[in-house]
Every structure is written in C-alpha cells, then in structure tokens.
Amino acid sequence: MNAKQTNVLNMSRAVSVELTALVERHALPVLRAGHERLNAKLAEIQTHIATQALPVIGVTETRDQVLAAATEATLLVAGLVLGYARAQRLDDVVVKVTVWPSTFVRTRLALRATLMQQVHDAAQSVFPQIEERGVTAEMLADLRSKIDAVNASHALPRLTIINRKVATIMLATLFRELTDLLEFDLDRLVELVRKTDPEGWLRYHTARTVIGRRGKAPVPVEPEAPDANATAVAEGAGA
C-alpha cells in the first residue's frame, strides 16, 4: 500500500468514527446504510492489505523445513533398504537407494521430491521383506506423506507472490471505489444533518479533509460550501 492509499485509509477510518456518532444521534436509515457501505468497503480493503503484506521469507522457511523433514525420512529408509539390497544382490534397488545428504544438496529443489519418490518406490518393491531390516509400513507411509508435503510446498512462495500482486491490483480498484463512495454518496448524505447538527456536520468534514502527506503533520482544510443542487438531491434521498 502506497502513501496516498495510507492517507485515504486513515481519513476514511476517521470519517467512519464521525459517522457512527451521527447515525446514533439521527434516525436516518439512508445515513445508516451509507455508513454500513463505508465500513464494508474498509473491511474489504483491510483483507487485501493483509494479503499484500504476506511475507515470502516465512513461506520459504516453511518449505525448507518440510524439505528437511522429508530428506531425513528418505535417508533413513534408503540406508536400511541399501543394506538389505546389497546383501540380496539386488543391483537395481541398490542404485535407486544409494543416496547421501550431499546428494540432496546437489539436487535442484524441484527434483528432490522425485529422488525421494525413487527411494520410496524402491523400498515398496521389496516390502515386506525389508521389515527384517527395520523398515515398517508406518515408516513408508510417513515418507509418502512427507513427499506429498514437499510437492505441495514447492508452489507456496510463488503462490504468495501471486496473491500479493493480485491484492495490489485489487487495492487500486477498491481505493477508487472508496473515494467515489465518499465523494458522491456520503458527502451528500451528511448534508441532511447540516442544519440540525452543524457541529456533527463540521466534524465529519474535518475528518474528511484532514490528510497527512509525506510524513508532515495533518493540516485541517475548511469544507467548501455544498453545492445547492447536491443538497437538494440529498434532502430528496432522506424524504
């Protein structure tokens, strides 16, 4: 979210606070409905802000943890099967389960799950004979679930980047809608209470026009006199 959007968001939150007070003092369903539209838009914006702020580093760390756990399980099964396969002279199995920690270090991330699957399939091909070496069905099931987790984790960083990009685009649209809601809807509806609640009207417009820019202190701006035609339209809406 950029500085301009931050300023608009802070202003809109202040406006919502002032509208809460106006709605409580005046039984105007049309004003209450406008306030609800503003709060709904702010909630929608907040959801996309949270998505935009999702960290890629944390997702990458999670992927690395999943990889580490699966690598450890693979090396355990591979070592046990290797001893059995060498004793039985099962050369095709020996080739598939001859892996070391350095093997995974040298292998690209995208191919590590394939290497793990190779070990799992080789172990499965000589099961249940390898139970005598300590390889249980539970161990193979655990390895299978860890491989599935690795496959799922590969897309996490990329998906996070995509979600953040989409959120950024959506925020641009939502802030345009928020600006229109304030300018063409709420500003006109508040004219309904200008005569009966001048203080509340002034507080709304003060909140509406106080926007900090580039780290400077907010500067209050006097609200302009409302357009006569806009006032007439607003009064007709409250009728």
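One can find the structure itself at the top, above this paragraph.
In what follows, the accompanying structure is described.

Cut-offs applied
- Residues numbered from 1 in each chain as written.
- Predicted model: local features only at pLDDT ≥ 70, side-chain atom pairs only at ≥ 80, totals over all residues.
- Heavy atoms only, no water.
- Helix = DSSP H or I, 4+ residues; strand = E, 2+ residues; numbered from the N terminus.
- Buried < 20%, exposed > 50% of the residue type's maximum accessible area, 1.4 Å probe, protein only.
- Contact = heavy atoms within 4.5 Å.
- Expected span 1.5 Å × (residues − 1).
- Arc of directions from axis to C-beta.
- Salt bridge = Lys/Arg side-chain N within 4 Å of Asp/Glu carboxyl O.

Considering the environment of Leu80
Note on placement: Leu80 falls in helix H3 (residues 56-87). Judged by its relative accessible area of 24%, Leu80 falls in the partly exposed class. The spatial distance from the C-alpha of Leu80 to the C-alpha of Val135 is 6.8 Å, given a sequence separation of 55 residues. Apart from the residues lying within four places of it in its own chain, the contact partners of Leu80 are Arg133, Gly134, Val135 and Met139.

What to know about helix H6 (residues 109-125)
Across its 17 residues, H6 extends 25 Å between first and last C-alpha, which sits within 8% of the 24 Å expected from 1.5 Å per residue. Every buried residue of H6 is listed here: Arg112, Ala113, Leu115, Met116, Gln117, Val119, His120, Ala122 and Ala123.

Some points on helix H9 (residues 198-209)
For H9, with twelve residues, the first-to-last C-alpha span of 16 Å sits near the 16 Å given by 1.5 Å per residue. Residues of H9 that are buried include every one of Gly200, Trp201, Tyr204, His205, Ala207 and Arg208, and no others. Axial view of H9: buried residues confined to an arc of 160°, hence all on one face.

Notes on the pattern of salt bridges
Throughout the structure, instances matching the rule amount to ten salt bridges. One salt bridge connects Glu44 with Lys41, and the closest N-O pair in it is separated by 3.8 Å. Of this pair, Glu44 and Lys41 both sit in helix H2 (residues 29-52), three residues apart, which is roughly one turn of that helix. Counted as one network, the salt bridges with shared partners bring together Lys41, Glu44 and Glu177.

Any functional reading would require information that these geometric values do not contain.
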